[in-house]
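What follows is the residue order along each chain.
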Amino acid sequence: MTGAPRIAIVDDDTAILAGVSSLLRSMGYAVALFESAEALVAALPGPGFDCVITDIQMAGMNGLDLQALLVRRYPALPIIVMTAFPEPALRARAMEAGAICFLSKPFDAEELLRCVTRALQG
């Protein structure tokens, strides 16, 4: 890996995209923003990502379906899942599919940074 780790953030909430992006950029990460799962899929394989952070509830393809697609295509790619609706069944599904972390919105910056560090360390 050369340069800063590249992180894709997928969320249809532009405030979340802006906030998470700002935090990660301030920590030296290279960030790419996608307002839908389909937009990320369309950009692949494109520039490789070292981690994907995705919301679950989005119009069109949801975050769990995106996670399943990414796991099939890029099994080593770490994925962090976030949601404003932290139902136990969603958490179980995301974690069983290999999510590094399951974040409940709103989450604090330190919690997100711990998850990103864990994801990038393998």
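Going by the structure above, here's the rest.
It should be emphasised that the depicted structure is a prediction, and the values quoted were computed from it without experimental measurement.

Concerning the sheet that holds strand β2 (residues 30–34)
The 5 strands are arranged β2-β1-β3-β4-β5 in an open sheet whose pairing can be described as parallel. Lying at the two open borders of the sheet, with one neighbouring strand each, are β2 and β5 (101–104). When the angles between neighbouring strand axes are averaged without regard to direction, this sheet yields 20°. Across 4 bridges, the pairing between strand β4 (residues 79–83) and β5 is parallel. Of the residues in β5, the one forming a bridge with T83 is S104. On the sheet, helix α5 (residues 109–121) packs against β1 (6–10), β3 (51–55), β4 and β5 and is oriented at approximately 165° with respect to β5.

Digging into the pattern of salt bridges
Counted by the stated rule, this structure contains 3 salt bridges. One salt bridge in this structure joins D55 and K105, with 3.3 Å as the shortest N-O distance. Within this pair, whereas D55 is found in strand β3, its partner K105 is found in the loop between β5 and α5, the two being separated by 50 residues in sequence. Judged by its relative accessible area of 4%, D55 falls in the buried class.

What to know about the packing of aromatic side chains
What the rule picks out here adds up to 1 aromatic pair. Judged by centre distance (6.0 Å) and plane angle (90°), the ring pair of F34 and F49 falls under edge-to-face. Of this pair, F34 sits in strand β2 while F49 sits in the loop between α2 (37–43) and β3, and the two are 15 residues apart along the sequence. Side by side, F34 and F49 carry an identical accessibility label, which is buried.

How each quantity is defined
- Residue numbering note: each chain is counted from 1, following its sequence as written.
- Totals for whole chains, interfaces and linings use all residues, but because this is a predicted model, local features are given only for residues with pLDDT of at least 70 and pairs of side-chain atoms are given and counted only at 80 or more.
- The side-chain numbers reported here are obtained from all heavy atoms of the structure, hydrogens and water having been left aside.
- The criterion for strand pairing is that DSSP finds at least two bridges linking the strands in question.
- Numbered from the N terminus, helices here are DSSP runs of H or I no shorter than four residues, and strands are runs of E no shorter than two.
- Note on definitions: angles span 0 to 180 degrees between N-to-C directions of axes, and those axes are lines fitted to C-alpha atoms, for helices only across the stretch in contact.
- The criterion used for residue contact is that any of the two residues' heavy atoms lie within 4.5 Å.
- Whenever a carboxyl oxygen of Asp or Glu lies within 4 Å of a side-chain nitrogen of Lys or Arg, that contact is scored as a salt bridge.
- With a 1.4 Å probe rolled over the protein chains alone, any residue whose accessible area is under 20% of its type maximum counts as buried; one over 50% counts as exposed, and the rest are partly exposed.
- By convention, a stacked pair of Phe, Tyr or Trp rings (six-membered ring in the case of Trp) has centres within 6.5 Å and planes under 30 degrees apart, an edge-to-face pair has planes over 60 apart, and any other such pair is tilted.

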